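Each chain, written out:
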Amino acid sequence: MTTLIDVRRIVNRLLGRKAVVSKTSESRETWAAVAQDGEFQFHKNDTWRKTPDFMNQTDRLLRHFGFTPEQYAGKVVVDVGAGSMLRTRFFTDAHLVVVEPLADRFLAEIPACDLKDAAEVYSRPAEELIDGLVGRADLVISINVLDHCFDFAEIVRNIREYLAPDGLAFLTFDMHDKADHMHPLSLTEKTCKPIFDKAGFTIEKLTTGVGDVLGGSPTYGHGPFTLNYWLRRA
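Reading the values: rules and limits
Residues numbered from 1 in each chain as written. Predicted model: local features only at pLDDT ≥ 70, side-chain atom pairs only at ≥ 80, totals over all residues. Heavy atoms only, no water. Helix = DSSP H or I, 4+ residues; strand = E, 2+ residues; numbered from the N terminus. Buried < 20%, exposed > 50% of the residue type's maximum accessible area, 1.4 Å probe, protein only. Contact = heavy atoms within 4.5 Å. Areas by Shrake-Rupley, 256 points an atom, 1.4 Å probe, with all protein chains shown as cover. Axes fitted to C-alpha atoms, helices over the stretch in contact; angles between N-to-C directions. Parallel < 35°, antiparallel > 145°, perpendicular 65-115°, else oblique. Left-handed = near helix turned anticlockwise from the far one by under 90°. Nonpolar A, V, L, I, M, F, W, Y, C, P; charged D, E, K, R; others polar. Pairing = 2+ DSSP bridges. Right-handed = clockwise from strand over helix to strand, strands pointing away. Expected span 1.5 Å × (residues − 1). Bend = angle between axes of the 7 residues up to and from the residue. Salt bridge = Lys/Arg side-chain N within 4 Å of Asp/Glu carboxyl O. Phe/Tyr/Trp six-rings, centres within 6.5 Å; stacked < 30°, edge-to-face > 60°. Lys NZ or Arg CZ within 6 Å of the ring centre and 35° of its normal.

**Notes on the overall build of the chain**
For step 1, the next point in the chain: The helix and strand inventory of the chain stands at six helices and seven strands.
For step 2, the next point in the chain: In the chain, the succession of helices and strands from N to C terminus is α-α-α-β-β-α-β-β-α-β-α-β-β.
For step 3, the next point in the chain: By its C-alpha atoms, the chain is 50 × 40 × 35 Å across when sized along the principal axes.
For step 4, the next point in the chain: The buried share of the chain, taken over its 234 residues, is 50%.
For step 5, the next point in the chain: Considering only residue pairs separated by 6 or more positions, the chain has 71% of its internal contacts joining residues 24 or more positions apart.
For step 6, the next point in the chain: Here the chain has roughly 10700 Å² of accessible surface; of this, 52% comes from carbon and sulfur atoms.

Put into structure tokens, the structure is as follows:
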């Protein structure tokens, strides 16, 4: 079957775009020294996240993906790569857990950072398994993060470990033509599927783009479009 992604790649080739160069891992040292420092500076200097529009956009985005605010009331929501501000505040009365490698630094140096409002905060890379989260998550959600990391397969294995038996993992990230210093990974449908399969996931649903939520842009800012995965334990 030809997917929308396949069609777009064919169009890109006809338009003279270069072939996609996929990459699912980077050295931790390069990631920490280059990508993470750039990430911190971006969040420290960003003013948009401090405005009401940040959560207004979050509300539109999560509703576009089929979520509702009351959906996880009283349940555990693990936010992988939360950044400096909690998008998962969208979920009212949920037990919010943050896994964010820069969390301690964000909290110390960005006054507006609201990660402290989560029930649990782990200032750890997503590639490190957090034993206390195993089997607890009703939802693991990651928005515009996984192309900024250093080992996609390790993250996927950890997310699988965190899920409760009937839990859902929702992962959405930009698909790039190639990796760069701020986006160490270039993740594609072709490379993601075997990693999901090996980790013990079933792909419940896959879409691309974000509708009109971002003003018509099909990405969070880089690459031709987003990949959006709904995953369940196989």
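**A few points about the packing of helix H5 (residues 152-162) against helix H6 (residues 189-199)**
For step 1, the next point in the chain: Where H5 contacts H6, the axes come no closer than 9 Å and their chain directions differ by 40 degrees. It follows that H5 is oblique to H6 by the angle criterion. Here H5 runs over H6; the crossing is right-handed. Counted together, Phe152, Ala153, Val156, Arg157 and Arg160 of H5 and Cys192, Ile195, Phe196 and Ala199 of H6 form the full contact between these two elements.
For step 2, the next point in the chain: Taken together, the residues of the contact of H5 with H6 sort by class into seven nonpolar, no polar and two charged.

**A word on the pairing of strand S5 (residues 163-175)**
Regular strands have side chains that alternate between both faces of the sheet.
For step 1, the next point in the chain: The element S5 is extensively covered by neighbouring structure, given that eleven of its 13 residues are classed as buried.
For step 2, the next point in the chain: For strand S4 (residues 137-143) and S5, the ladder comprises six bridges, and the chain directions are parallel. Bridging from a neighbouring strand, Ile141 pairs with Phe170 of S5.
For step 3, the next point in the chain: For the segment spanning S4, H5 and S5, crossover handedness is right-handed.
For step 4, the next point in the chain: For S5 and strand S7 (residues 225-233), the ladder comprises seven bridges, and the chain directions are antiparallel. When the bridges of S7 are listed, Phe170 appears paired with Trp230.

**Overview of helix H2 (residues 28-45)**
For step 1, the next point in the chain: Helix length check: H2 (18 residues) gives 24 Å between terminal C-alpha atoms against 26 Å at 1.5 Å per residue, within 8%.
For step 2, the next point in the chain: At Ala35, H2 shows its largest bend, some 30 degrees.
For step 3, the next point in the chain: For H2, every residue scored as buried is listed here: Trp31, Ala35, Gln36, Glu39, Phe40 and His43.
For step 4, the next point in the chain: Looking at the buried side of H2, the elements it contacts are helix H4 (103-109).

**Some words on the sheet that holds strand S3 (residues 120-122)**
For step 1, the next point in the chain: Strand order in the open sheet formed by seven strands is S3-S2-S1-S4-S5-S7-S6, with mixed pairing between adjacent strands. Every interior strand has two partners, whereas the edge strands, S3 and strand S6 (201-208), have only one. The average angle at which neighbouring strand axes cross in this sheet is 15 degrees, direction not considered.
For step 2, the next point in the chain: Sitting on the sheet, H6 is in contact with S5, S6 and S7, with an inclination near 155 degrees to S6.

**Re the pattern of salt bridges**
For step 1, the next point in the chain: The tally for this structure, following the rule as stated, stands at twelve salt bridges.
For step 2, the next point in the chain: With a shortest N-O distance of 3.8 Å, Lys44 and Glu109 are connected by a salt bridge. On the criterion of sequence distance, the pair formed by Lys44 in helix H2 and Glu109 in helix H4 is long-range, its members being 65 residues apart.
For step 3, the next point in the chain: With a relative accessible area of 40%, Lys44 lands in the partly exposed category.
For step 4, the next point in the chain: With its nearest N and O atoms 3.4 Å apart, the salt bridge here joins Glu109 to Arg105. Within this pair, Glu109 and its partner Arg105 are both found in helix H4, separated by four residues, close to a single helical turn.
For step 5, the next point in the chain: The partly exposed category is assigned to Glu109, whose relative accessible area is 38%.
For step 6, the next point in the chain: Arg105 sits in the partly exposed class, given a relative accessible area of 32%.

**Quick word on the packing of aromatic side chains**
Two aromatic rings are characterised by how far apart their centres lie and by the angle between their planes.
For step 1, the next point in the chain: A complete count under the given rule lists 15 aromatic pairs for this structure.
For step 2, the next point in the chain: Summarising the aromatic geometry, the rings of Phe65 and Phe170 are spaced 4.7 Å apart at their centres and angled 55 degrees between planes, so their arrangement reads as tilted. Here Phe170 lies in strand S5 and Phe65 lies in the loop between helix H3 (52-64) and strand S1 (76-80), a separation of 105 residues in the sequence.
For step 3, the next point in the chain: Ring geometry for Phe90 versus Phe91: centroids 5.0 Å apart, planes at 85 degrees, classification edge-to-face. Judged on exposure class, the residue Phe90 and its partner Phe91 are both buried.
For step 4, the next point in the chain: Ring pairs connect the aromatic residues Phe65, Phe67, Tyr72, Phe90, Phe91, Phe170 and Trp230, which therefore count as one cluster.
For step 5, the next point in the chain: The ring centre of Phe40 lies 3.7 Å from the NZ or CZ of Arg105, which sits over that ring.
For step 6, the next point in the chain: Between Lys205 and the ring centre of Trp230, over which it is positioned, the NZ or CZ distance is 4.6 Å.

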